[in-house]
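Structural overview for review
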Amino acid sequence: MKNEVIERDFSCIREGLTIRGKEFLPKGDQLPAIIVSHGFGGNSKDLEEYCRTFASWGYASYCFDFCGGCANEEGRSDGKSTDMTVLTECDDLEVVMNYVQGLSYVDDNRLTLMGFSQGGFVSALTAAKCAKEVEALILLYPALCIPDDARQGALAGSSYDVHDVPEIIECGKMTIGKKFHETVVDMNPYQEIMPYKNPVLLIHGTADETVHYNYSVEARKSYELGQCHLQLVKEAGHHFTDKQKASVLVSIHEFLLGKKEVLTIDVRITGSEVRIEEGDDKQISISFTGSCECPYFKGEILQGAEDIQDYHEGKLVKVRAEYALEGGDYEGKRCIIHIVNQHVKGELKPTITTDSRALDFLNHADLTATLEGFTDGLTVRIFSVE
């Protein structure tokens with residue numbers, strides 16, 4: 001049963017400007033908290049559904065409008081867009097952090113920051129500055145490209161002479177000031193985010209034309225070995241479809257629970273056939289191949305992989321995929337991994353048997369999985385507590 005959630009407005013002050021947002025509060029005391037930051041020109045309304053979901057998991061959740069950070073006067077906070085910079089947004093976020101940590105029902109040692117695009121860049125910078133106050137960091141297609149864009153005179157799709165920067169820069173749906181350019185043009189984002197040492201989840205679409213996913217690939221290198229997990233979502237752009245969002249939420253939930261993605265398997269559909277058909281009931285067999293390439297294991301799906309889907313009165317009621325992979329574990333030893341993946345009480349619950357000594361923990365682990373669809377296939381992500 002989902003927790004009952006109270007939704008209410010909140011506000012706090014930064015240098016005479018009022019920051020306005022919304023709180024999503026589940027029942028309980030000493031609650032962990034998540035603060036979610038919107039991207040350039042966005043607003044907190046875009047994030048409310050995420051916050052409702054986090055609150056249903058037991059997290060006090062907060063979204064807000066950056067001062068001057070919203071397009072078309074849709075933001076509720078004070079401030080002009082021409083006064084907004086990445087660093088003023090960092091200041092805004094710090095003020096919201098202080099507000100949330102001061103609430104009697106929040107555990108101030110369990111604060112997660114999450115941000116989209118420019119909000120992701122701001123969250124990463126703020127986490128680095130307030131490293132001891134942030135338990136975990138979630139970055140969705142973070143706009144670490146902003147300093148490069150400034151050096152090219154192309155902030156937020158604009159075009160200007162970097163040797164003669166105008167006082168006002170037109171960015172389509174928004175105008176920004178020269179000071180935005182000046183605060184980032186000499187910045188090395190990868191050095192700036194390095195001081196943060198707690199767990200990081202980076203999620204980025206491979207078809208993102210606004211912020212290329214290579215920025216997240218490079219960002220992962222700024223963090224310590226094993227600290228940051230990078231999840232690349234095939235064919236996703238600078239936003240997620242509903243199906244991609246559902247899968248991303250599973251990954252975020254597992255991350256917050258302390259689970260790690262141990263296997264990432266790319267599946268390619270090779271054929272299907274109807275096994276049984278009686279009126280509106282039928283059974284379909286789907287054959288597939290594919291591969292796995294992740295830190296724990298690299299290998300190929302063996303012939304005979306099959307996904308059996310049962311339909312009753314036209315609705316999918318049961319799924320059971322069974323397949324084996326052959327390859328090498330992280331110690332370089334050849335091994336076989338056999339997987340049975342099926343729904344149990346609304347969750348995908350894989351069971352694994354393997355002859356790898358290094359991966360023996362998978363034989364006993366409580367595993368969960370999520371699926372991300374792409375053209376002609378899907379990515380299977382399997383999570384475990386190490």
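For the structure given in this document, a descriptive report is provided here. The structure presented is a predicted model; accordingly, all values stated were derived computationally and were not measured.

1. Focus on the overall build of the protein chain
A tally of regular secondary structure across the protein chain gives 8 helices and 19 strands. The globule rule puts the C-alpha radius of gyration for 386 residues at 21 Å, and the 23 Å found for the protein chain is close to it. When the backbone C-alpha atoms are referred to their principal axes, the protein chain occupies close to 65 × 50 × 45 Å. Taken over 386 residues, the protein chain has a buried fraction of 54%. Excluding contacts between residues fewer than 6 apart, the proportion of contacts in the protein chain whose partners are at least 24 apart in sequence is 63%. One finds the centroid of the 38 positive side-chain charges in the protein chain at a distance of 3 Å from the centroid of its 62 negative side-chain charges.

2. Here we look at the layout of surface pockets
Its volume calculated, the largest pocket comes out at about 1,200 Å³. Every residue lining the largest pocket is counted, 46 residues in all, and those nearest its centre are Arg220, Cys228, His229, Leu230 and Pro295. At 5 residues, strand β10 (residues 228-233) tops the list of elements feeding residues into the lining of the largest pocket. Class assignment of the residues belonging to the lining of the largest pocket gives a composition of 20 nonpolar, 11 polar and 15 charged.

3. Some points on the nonpolar core
Core analysis: the biggest nonpolar cluster contains 62 residues, and Ile35, Tyr62, Val86, Leu137 and Tyr223 have the highest contact counts within it. Per element, the largest residue contribution to this core is 7 residues, and it comes from helix α2 (residues 86-101). Among residues more than four places away in sequence, those in contact with Leu137 are Leu113, Ser123, Ala124, Ala127, Tyr196, Pro199, Val200, Leu201, Tyr223 and Phe255. If you look at the next biggest cluster of nonpolar residues, it comprises 26 residues, including Phe54, Phe116, Ile138 and Leu256.

4. Considerations on the sheet that holds strand β3 (residues 31-37)
Strand pairs in the sheet, formed through backbone hydrogen bonds, run parallel or antiparallel to each other. Spatially, β1-β2-β4-β3-β5-β6-β9-β10 is the arrangement adopted by the 8 strands of the open sheet, whose pairing is mixed. The open sheet has two edge strands with one neighbour each: β1 (5-14) and β10. If you compare each strand with its neighbour and ignore which way they point, the axes differ by 20° on average.

5. Description of the pattern of salt bridges
Per the stated rule, a full pass over the model turns up 26 salt bridges. Between Asp83 and Lys179 there is a salt bridge, with its nearest N and O atoms 3.7 Å apart. One end of the pair, Asp83, is in the loop between β4 (60-64) and α2; the other, Lys179, is in helix α5 (residues 178-184), and 96 residues separate them in sequence. Residue classification places Asp83 among the partly exposed positions, given a relative accessible area of 40%. Between Lys349 and Asp366 there is a salt bridge whose closest N-O contact spans 2.4 Å. Here Asp366 lies in the loop between β17 (347-354) and β18 (368-374) and Lys349 lies in strand β17, a separation of 17 residues in the sequence. Exposure remark for Asp366: the relative accessible area of 52% places this residue in the exposed category.

6. A short note on helix α8 (residues 242-256)
Taking 1.5 Å as the rise per residue, α8 with 15 residues should run 21 Å; its terminal C-alpha atoms sit 21 Å apart, in good agreement. Of all the positions in α8, only Gln244, Lys245, Ser247, Val248, Leu249, Ser251, Ile252, Glu254, Phe255 and Leu256 are classed as buried. One or two positions beyond α8, positive phi appears at Gly258, with a value near 85°.

7. Quick word on the packing of α2 against helix α3 (residues 118-129)
Working note: a packed helix pair is described by the angle between its axes plus the distance between those axes. With their axes 9 Å apart at the nearest point, α2 and α3 run at an angle of 65° to one another. In this structure, the crossing between α2 and α3 has a hand that is right-handed. Along the contact surface, α2 presents Val86, Glu89, Cys90, Leu93, Glu94 and Met97, while α3 presents Gln118, Phe121, Val122, Ser123, Leu125, Thr126 and Lys129. For the contact of α2 with α3, the residue count by class is 7 nonpolar, 3 polar and 3 charged.

8. Quick word on helix α1 (residues 48-56)
Of all the 9 residues making up α1, 7 are buried; the element is thus mostly covered by neighbouring parts of the structure. Listed as buried for α1 are Glu48, Tyr50, Cys51, Thr53, Phe54, Ala55 and Ser56. At its buried positions, α1 is contacted by β1, β2 (17-26), β3, β4, β5 (106-116) and α8.

9. Looking at the packing of α1 against α8
The interhelical angle for the contact between α1 and α8, taken along N-to-C directions, is 40°, at an axis separation of 12 Å. Here α1 is positioned oblique relative to α8, judged by the angle of their axes. Considering how the two elements wind past one another, α1 and α8 form a crossing that is right-handed. Contact with α1, carried on its side by Glu49, Tyr50, Thr53 and Phe54, involves Lys245, Leu249 and Ile252 of α8 and no other residues of that element. Looking at the contact of α1 with α8, its residues break down into 4 nonpolar, 1 polar and 2 charged.

10. What to know about the environment of Asp366
Separated by 15 residues in the primary sequence, Asp366 and Thr351 place their C-alpha atoms 8.1 Å from one another. Residues in contact with Asp366, not counting those within four places in the same chain, are Lys259, Lys349, Phe383 and Ser384. Polar side-chain contacts of Asp366 include one of 2.4 Å to the side chain of Lys349.

Conventions used here
Residues numbered from 1 in each chain as written. Predicted model: local features only at pLDDT ≥ 70, side-chain atom pairs only at ≥ 80, totals over all residues. Heavy atoms only, no water. Helix = DSSP H or I, 4+ residues; strand = E, 2+ residues; numbered from the N terminus. Rg over C-alpha atoms; globule rule 2.2 N^0.38 Å. Buried < 20%, exposed > 50% of the residue type's maximum accessible area, 1.4 Å probe, protein only. Contact = heavy atoms within 4.5 Å. Lys, Arg positive; Asp, Glu negative; His and termini not counted. Charge placed at Lys NZ, Arg CZ, Asp CG, Glu CD. 1 Å grid on protein atoms, 1.4 Å probe; cavity = no way out; pocket = protein on both sides within 12 Å on 5 of 7 lines; lining within 4 Å. Points joined across faces, edges and corners; volume = space filled by probe spheres on them. Nonpolar A, V, L, I, M, F, W, Y, C, P; charged D, E, K, R; others polar. Core = buried A, V, L, I, M, F, W, Y, C linked by side-chain atoms within 4.5 Å. Pairing = 2+ DSSP bridges. Axes fitted to C-alpha atoms, helices over the stretch in contact; angles between N-to-C directions. Salt bridge = Lys/Arg side-chain N within 4 Å of Asp/Glu carboxyl O. Expected span 1.5 Å × (residues − 1). Left-handed = near helix turned anticlockwise from the far one by under 90°. Parallel < 35°, antiparallel > 145°, perpendicular 65-115°, else oblique. Polar contact = N/O pair within 3.5 Å; in protein donor to acceptor, adjacent residues only side chain to side chain.

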